[in-house]
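In case you want the letters, here they are:
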Amino acid sequence: MKKLIFSIIIPVFLLPSCVVSQKKEAISNTKSPKETSNKPFPLYLKNLKQDRSLSAAIKRSFEVYEAPRLLDNELYSNFKYTELNGFDYHGGDGTISRRDPSKIIKENGKYYVWYTHRHTETAPQGFENATDKIPSQDWDLAEIWYATSTDGFTWKEQGVAVPRPPKPNPGWRSVATADILKFKNKYYLYYQAFDAPSGKYDKKRDAYDICPVALSWANSPDGPWTALDNVVIPFGKENEWDYRVIHDPNPLVHNGKIYIYYKSGMDKRDANRQFWDAWGVTIADHPEGPFVKHPLNPVMNSGHETIVFPFKEGVAAIANTDGIEHYTIQYAKDWVNFQIASVTQLLPTAAGVYSPDAFDDDKDGDGITWGLSHFINAGNNWNKMYTKLGRFDCDLSQKVNDPSLKKSNILLPNELYFSQGLTPEQRKRIEARNP
Ligand code: AAL
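The rules behind the values
- Residues numbered from 1 in each chain as written.
- Predicted model: local features only at pLDDT ≥ 70, side-chain atom pairs only at ≥ 80, totals over all residues.
- Heavy atoms only, no water.
- Domains from an automatic or database assignment.
- Buried area = accessible area lost by both parts, 1.4 Å probe.
- Salt bridge = Lys/Arg side-chain N within 4 Å of Asp/Glu carboxyl O.
- 1 Å grid on protein atoms, 1.4 Å probe; cavity = no way out; pocket = protein on both sides within 12 Å on 5 of 7 lines; lining within 4 Å.
- Points joined across faces, edges and corners; volume = space filled by probe spheres on them.
- Helix = DSSP H or I, 4+ residues; strand = E, 2+ residues; numbered from the N terminus.
- Nonpolar A, V, L, I, M, F, W, Y, C, P; charged D, E, K, R; others polar.
- Pairing = 2+ DSSP bridges.
- Axes fitted to C-alpha atoms, helices over the stretch in contact; angles between N-to-C directions.
- Near = heavy atom within 4 Å.
- Polar contact = N/O pair within 3.5 Å; in protein donor to acceptor, adjacent residues only side chain to side chain.
- Sits in = over half its atoms within 2 Å of the grid points.
- Phe/Tyr/Trp six-rings, centres within 6.5 Å; stacked < 30°, edge-to-face > 60°.
- Buried < 20%, exposed > 50% of the residue type's maximum accessible area, 1.4 Å probe, protein only.
- pLDDT = per-residue confidence, 0-100.
- Contact = heavy atoms within 4.5 Å.

**Details of the domain arrangement of the chain**
Piece 1. Assigned domains within the chain: domain 1 (3-72) and domain 2 (80-400).
Piece 2. Taken over C-alpha atoms, the centre of domain 1 sits 38 Å from the centre of domain 2.
Piece 3. Roughly 470 Å² of surface becomes buried between domain 1 and domain 2 when both sides are summed, with 51% attributable to carbon and sulfur atoms.
Piece 4. Counting every contact that joins domain 1 to domain 2 gives one salt bridge.

**Observations regarding empty space enclosed by the protein**
Piece 1. Applying the stated criterion to the full structure yields three cavities of 30 Å³ or more.
Piece 2. If you trace the largest cavity, you find 17 residues lining it, with Pro-101, Asp-248, Asn-250, Ala-350 and Ala-351 closest to the centre.
Piece 3. For the lining of the largest cavity, the secondary-structure elements that each account for two or more residues are strand S7 (174-183) and strand S11 (247-254).
Piece 4. Its residues placed into classes, the lining of the largest cavity shows seven nonpolar, five polar and five charged.

**Thoughts on unusual backbone geometry**
Piece 1. Cis geometry marks the peptide bond from Lys-167 to Pro-168, where omega comes out at 5°.
Piece 2. Summarising the element assignment, Pro-168 is placed in the loop between strand S6 (156-162) and S7.
Piece 3. Residue Pro-298 is reached from Asn-297 by a cis peptide bond, and omega for that bond is -5°.
Piece 4. With respect to the element layout, Pro-298 can be found in the loop between strand S14 (292-293) and strand S15 (307-311).
Piece 5. Residue Asn-108 is not a glycine yet carries a positive backbone phi of 50°.
Piece 6. Along the chain, Asn-108 falls in the loop between strand S3 (105-107) and strand S4 (110-119).
Piece 7. Phi at Lys-312 takes a positive value of approximately 50°, unusual for a residue other than glycine.
Piece 8. Summarising the element assignment, Lys-312 is placed in the loop between S15 and strand S16 (314-319).

**A closer look at the layout of surface pockets**
Piece 1. Considering only enclosed or pocket space, the largest pocket measures out at about 750 Å³ in volume.
Piece 2. What lines the largest pocket is a set of 30 residues, among which Trp-139, Asp-209, His-247, Arg-273 and His-304 lie closest to the centre.
Piece 3. Going through the elements one at a time, S11 and strand S12 (257-266) are the ones with two or more residues in the lining of the largest pocket.
Piece 4. Sorting elements by how many residues they give to the lining of the largest pocket places S12 first, with three residues.
Piece 5. Of the residues belonging to the lining of the largest pocket, the class tally is eight nonpolar, twelve polar and ten charged.
Piece 6. By volume, the second largest pocket amounts to about 630 Å³.
Piece 7. Leu-347, Thr-349, His-374, Phe-375 and Ile-376 are, among the 18 residues lining the second largest pocket, the residues nearest its centre.
Piece 8. Ranked by residues supplied to the lining of the second largest pocket, first place goes to strand S20 (residues 367-375) with three residues.
Piece 9. Residues belonging to the lining of the second largest pocket are distributed by class as follows: eight nonpolar, eight polar and two charged.

**Here's the deal with the sheet that holds strand S10 (residues 226-228)**
Piece 1. Pairing in this open sheet of four strands is antiparallel, and the strands run S7-S8-S9-S10 from one edge to the other. Whereas interior strands pair on both sides, the edge strands pair on one side only; in this sheet they are S7 and S10. Across this sheet, the average inter-strand angle for adjacent strands is 30°, counted without regard to direction.

**Details of the site of the ligand**
Piece 1. In the vicinity of the ligand, the residues found are Arg-99, Asp-100, Trp-139, Thr-177, Gln-192, Asp-209, His-247, Asp-248, Lys-263, His-304 and Glu-305.
Piece 2. Contacts to the ligand include Gln-192, whose side-chain N or O atom sits 2.9 Å from an oxygen atom.
Piece 3. Between the ligand and Asp-248 there is a distance of 2.8 Å, counted from an oxygen atom to a side-chain nitrogen or oxygen.
Piece 4. Of all the cavities here, the one that holds the ligand is the largest pocket.
Piece 5. Residues that form the shell around the ligand fall into these classes: one nonpolar, four polar and six charged.

**Remarks on the packing of aromatic side chains**
What characterises a pair of aromatic rings is the spacing of the ring centres plus the angle enclosed by the ring planes.
Piece 1. Enumeration over the complete set of coordinates arrives at 17 aromatic pairs.
Piece 2. Ring centres of Phe-87 and Tyr-115 lie 5.7 Å apart, and the angle between their planes is 75°; on these two criteria the pair is classed as edge-to-face. With Phe-87 in the loop between strand S1 (80-83) and strand S2 (96-99) and Tyr-115 in strand S4, this pair connects stretches of sequence that are 28 residues apart. The burial state of Phe-87 is the same as that of Tyr-115; both residues are buried.
Piece 3. Residues Tyr-190 and Phe-291 carry aromatic rings whose centres are separated by 6.4 Å and whose planes lie at 85° to one another, so their mutual orientation is edge-to-face. Here Phe-291 lies in the loop between strand S13 (276-284) and S14 and Tyr-190 lies in strand S8 (residues 186-194), a separation of 101 residues in the sequence.
Piece 4. Its relative accessible area of 0% is what places Tyr-190 among the buried residues.
Piece 5. The exposure class of Phe-291 is buried, given its relative accessible area of 9%.

**Considering the confidence of the model for the chain**
Detailed reading of predicted coordinates is not advised where the pLDDT is low.
Piece 1. This prediction gives the chain a mean pLDDT of 90; 91% of its residues lie at or above 70.
Piece 2. Low pLDDT, under 50, characterises residues 1-35; the stretch is placed with 59 contacts to residues that sit more than four places away or in other chains.

**A short note on the side chain of Ser-373**
Piece 1. Structurally, Ser-373 is set in strand S20.
Piece 2. The exposure class assigned to Ser-373 is buried, which follows from its relative accessible area of 1%.
Piece 3. A polar contact is formed between the side chain of Ser-373 and the backbone nitrogen of Thr-349, at a distance of 3.0 Å.
Piece 4. Discounting residues that sit within four places of it in the chain, Ser-373 has contacts with Tyr-81, Pro-348, Thr-349, Ala-351, Lys-388, Leu-389, Gly-390 and Phe-392.

Have a look at this one:
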């Protein structure tokens with residue numbers, strides 16, 4: 001996307017983002033407000049003097065975000081969604097589900113994606129009703145399947161990549177939420193390996209969705225995949241932030257090493273969810289580990305299924321739901337210290353992105369323009385709960401310039417607002433205060 005570069009007299013604020021640090025320095029050095037503080041803020045930014053004092057909000061526009069105007073902000077985008085062709089959901093009866101897509105990679109002229117695939121006798125029935133055949137949750141009794149496509153809209157399901165191994169190997173109950181790494185011409189799938197139906201309460205950890213991260217590798221994206229039976233990312237010790245769970249492993253390559261971003265849940269977050277979702281990063285020289293957790297973990301304070309991809313010399317992250325910085329896109333030049341780059345809406349859920357340079361390690365990540373998202377409760381019937389995959393397109397790429405994806409006034413259907421109605425109890429409470 002093109003940056004708008006004005007003439008030399010333009011304040012340092014509008015310089016391209018490769019000089020972001022200089023820009024920030026210049027702003028924080030802003031001095032002598034007395035000279036200009038009585039003059040009103042100019043109509044055009046090109047007339048803004050560098051030494052002018054700024055309100056906190058305007059200062060933040062220049063200092064914090066990738067660029068103050070959404071049009072110039074390479075890490076701001078709207079998201080456009082398209083239904084996929086090629087996946088069958090058995091009439092939406094809840095017996096087939098596809099969710100948590102991996103990153104998408106292009107090999108042999110085709111796009112490849114891996115995802116959690118559940119094909120069970122019934123829709124999920126909750127932990128109390130789960131059996132060897134009946135799933136507790138949407139990602140229980142699942143396997144990792146894969147599909148290929150030549151255009152990213154029509155997909156051909158290829159079948160299982162990582163099956164549930166025999167008991168007692170990690171993942172015998174379910175393997176789910178995979179992500180892909182290509183490293184030195186080998187392929188690695190990291191995934192959650194469940195030894196109990198999700199939803200089983202673990203008193204010690206005070207958590208319900210416990211599983212180690214396991215790994216399978218292959219010489220070809222078509223497999224065959226060999227499972228390694230060791231735990232790749234160990235849980236934190238008691239009283240450490242990542243003691244409860246390790247979820248959503250998300251591998252990238254940086255400085256010749258494997259960086260896996262992962263989620264854990266600490267403390268309590270909000271009125272809805274028990275845990276505060278935060279993200280850590282763990283680093284290894286080899287895909288099999290040993291992985292060493294970064295001492296600054298957690299490195300992100302928000303995001304339920306955060307998506308990471310190389311951007312310029314750093315890493316960008318899309319934090320969708322959950323946490324104080326939900327619905328933001330963030331950037332960490334050093335791959336650890338994330339700053340908010342933009343605030344946006346209608347973000348993809350649990351997305352897998354096509355990040356062509358995810359493993360290149362070339363310090364010039366282009367960004368992303370599309371990926372797959374999952375859509376929970378696709379049939380709008382919790383008794384027949386299943387999740388489906390769909391495609392999203394966006395402009396979070398330096399090479400693409402699509403101003404139509406830089407809008408901020410996305411109009412949502414009125415019904416959506418009214419569907420978020422008061423509960424009868426809330427209505428009663430409100431009415432009681434209004435005699
Ligand atoms: C997802 C992910 C992980 C959780 C469950 C399945 O959205 O966060 O994968 O375990 O929900």
